[in-house]
Amino acid sequence: MVSTGYQNIPKERATGSFEVVDSALFHRRMGTNVIDRLENMVPGMLFDRTPGAPDPILIRGRSTIFGDASPLIILDNFPYEGDINSINPNDIESVTVLKDAAAASIWGSRAGNGVIVVSTKKGKAGKPNIQLNSNVTIRSRPDLYNVPVMSSKDFIEMEELMFGRNYYDSKLTNTFSWPVLSPLVELLDKVRSGDVDEVQARGQIDKWKTMDYRSDLTDYFYRTGVQQQHSLNISGRSDRQQYYLSAGLDKDKQHLLGNSNSRFTLRGQYGFKLYDGLEIDATMQLGQQRNTSSSNPGVNLNAGGLIGMYPYADLLDENGNALVIPHSFGAAIKKSISDQSGVDWSNRPYDDIRYSRYNTYLNDNLLQTSVRYRPLDWLTAELRYQFQQSSDDLNYLNDKESYFVRHRVNSFYQPTGTNKFPVPSAGYLEQRISGTRSHQGRAQLAVDKTWRQHDVHGILGWEIRDVLTKGLTSTFYGYEREGSLTNSQMNFGQSYKNSYNTSSSLIPNGQGISEMLDRFLSTYANLSYSYKSRYTLSASVRNDAANLYGVETNMKGTPLWSLGLAYQLSKEDFYKLEAVPVLKLRAT
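Residues numbered from 1 in each chain as written. Predicted model: local features only at pLDDT ≥ 70, side-chain atom pairs only at ≥ 80, totals over all residues. Heavy atoms only, no water.

Here the focus is the overall build of the protein chain. When you go through the protein chain residue by residue, the secondary structure sums to eleven helices and 24 strands. Taken over the C-alpha atoms alone, the protein chain extends approximately 100 × 60 × 55 Å along its principal axes. Out of the 588 residues belonging to the protein chain, those deemed buried represent 44%. Long-range contacts, defined here as pairs at least 24 residues apart, represent 69% of the contacts in the protein chain between residues at least 6 apart. On the protein chain, roughly 30400 Å² of surface is accessible, and the fraction owed to carbon and sulfur atoms is 55%. A gap of 6 Å separates the mean positions of the 64 positive and 63 negative side-chain charges of the protein chain. (Helix = DSSP H or I, 4+ residues; strand = E, 2+ residues; numbered from the N terminus. Buried < 20%, exposed > 50% of the residue type's maximum accessible area, 1.4 Å probe, protein only. Contact = heavy atoms within 4.5 Å. Areas by Shrake-Rupley, 256 points an atom, 1.4 Å probe, with all protein chains shown as cover. Lys, Arg positive; Asp, Glu negative; His and termini not counted. Charge placed at Lys NZ, Arg CZ, Asp CG, Glu CD.)

This brings us to unusual backbone geometry. What is expected of a backbone is that most residues other than glycine have negative phi and most peptide bonds are trans. One non-glycine residue with positive phi stands out, namely asparagine 166, at about 65°. Within the secondary structure, asparagine 166 is located in the loop between helix H4 (152-164) and helix H5 (169-172). For asparagine 166, a relative accessible area of 44% corresponds to the partly exposed category. The phi angle at serine 328 is positive, at roughly 75°, despite the residue not being glycine. With respect to the element layout, serine 328 can be found in the loop between strand S14 (278-294) and helix H9 (331-341). Using a relative accessible area of 24% as the deciding quantity, one classes serine 328 as partly exposed.

For the coordinates displayed, the defined rule picks out 19 aromatic pairs. For the pair tyrosine 6 and tryptophan 107, a centre-to-centre distance of 4.3 Å together with 35° between the ring planes defines the contact as tilted. Here tyrosine 6 is found in the loop between strand S1 (2-3) and strand S2 (8-9), whereas its partner tryptophan 107 is found in the loop between helix H3 (101-104) and strand S9 (115-120), with 101 residues between them in sequence. Of the two residues examined, tyrosine 6 and tryptophan 107, each falls in the buried class. The rings of Tyr358, Tyr396, Phe404, Tyr428, Tyr477 and Phe492 are connected pair by pair, giving a single aromatic cluster. (Phe/Tyr/Trp six-rings, centres within 6.5 Å; stacked < 30°, edge-to-face > 60°.)

Structure below.
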């Protein structure tokens, strides 16, 4: 069966392009979230696992230039407003991916990027069933030597060649932006000016040629990953009722040192048949996530400026102590200002793993109810309602010792001012709190009529949706975790002279508040006719209206329609091709 989120259609009757991942296929692969288990399972479904990727999931490529290209996520017949990673994959029965217009158009304007329909498990006939799943996955450190990078020897020879052709001269004399330069360029400049002996410098250069920063990354920035997944569910079904209760606990100690996440979920689903033809269902879902990430870029470590990352970088000494890597500005100006302010401006990436971190707390609560009444064998009336509330609390904390704080303190240092430190040499906390509350309701009639060689299936419905989104961003300078102290004397309206050049700037202040209320009203219909189970014609129409401010009335509604044709050629009497037992021609 193909689930569209509004109805279940036999595959033979579907005229659109779809892909069904059933329970056996979905649970064949280990993974703590839905996306991990879907990857490489669906043709035409593309995944970009790069952190911060603009398009983590695409169905049949990108369909918009500037808009959001994410597919619509449907969970048990309603759009899901939360984070898909909040769903426990062990609760999922099947996933259907709707790809083209005929398959996805029933969802209207939001279906332009494809639709992923997730159906969860329900109680099955028989005695009460108890399932316990527990697994631990241990993953070795990644092999960074598979990453194609220029060798230290080649990189140094390239820098020496460019230095000999005076490529770096304009950067060495740039006293406004003070661009970052590699240690080799700094050393060659000192040799040229006579500050360093050439023989001594050559010894250092020969040592650099034998070094590879991936060695330190592997030993100190990465670790063995451990992933735990535990779930327990109890389910059952009788003539009058069915139920499904589950709990899940997941923990993931990731490869990058300082990064981890955990999730706890509860789900309960209960269905009751009052009498023949009348059924009531209720579902409750609770989810909590905590994600922790440090200032550990791993193999993406960057020295900033124009040089990216040089492969001969030495990140730690033989005793495991963090070493300095250039960042933000040239070494000369940073040392000069640091000597005056007394605040170290050196960048030590390894130390920052414990001094800078992101903590994210996500909560997702969902309640869904439905009433179905079948007055006739071929007619079903249905009412559905869903309430969802989710929150996302992000804390970005930088201790006093972090490079983030020391960089900002020194950048705004005022050597001749009354207030020499407009930015306090203390911790920095940035909080981003967002929340979503949604109400969704639906009334629908469904017709399923079969007589002789004819099949007619259709739905007619009305839908309403109300989504409230709130956001709050706050920044706290001088933050101390002991006592939750902050500095209330910050002057964000004054422009301060930058310590490294003659320009001025305001102290960054991320204060902000937002609130948005969206209301949607939709009417939809879908009709499918089949003859001899060979020829199928389907049509779909939908009108979406929204409370768009400042738009003409006739632009607040978006009518959409689609047509589809299917011909089951393999069911014809003349079809004898055994090598291809099923052959269907489609047009949408």
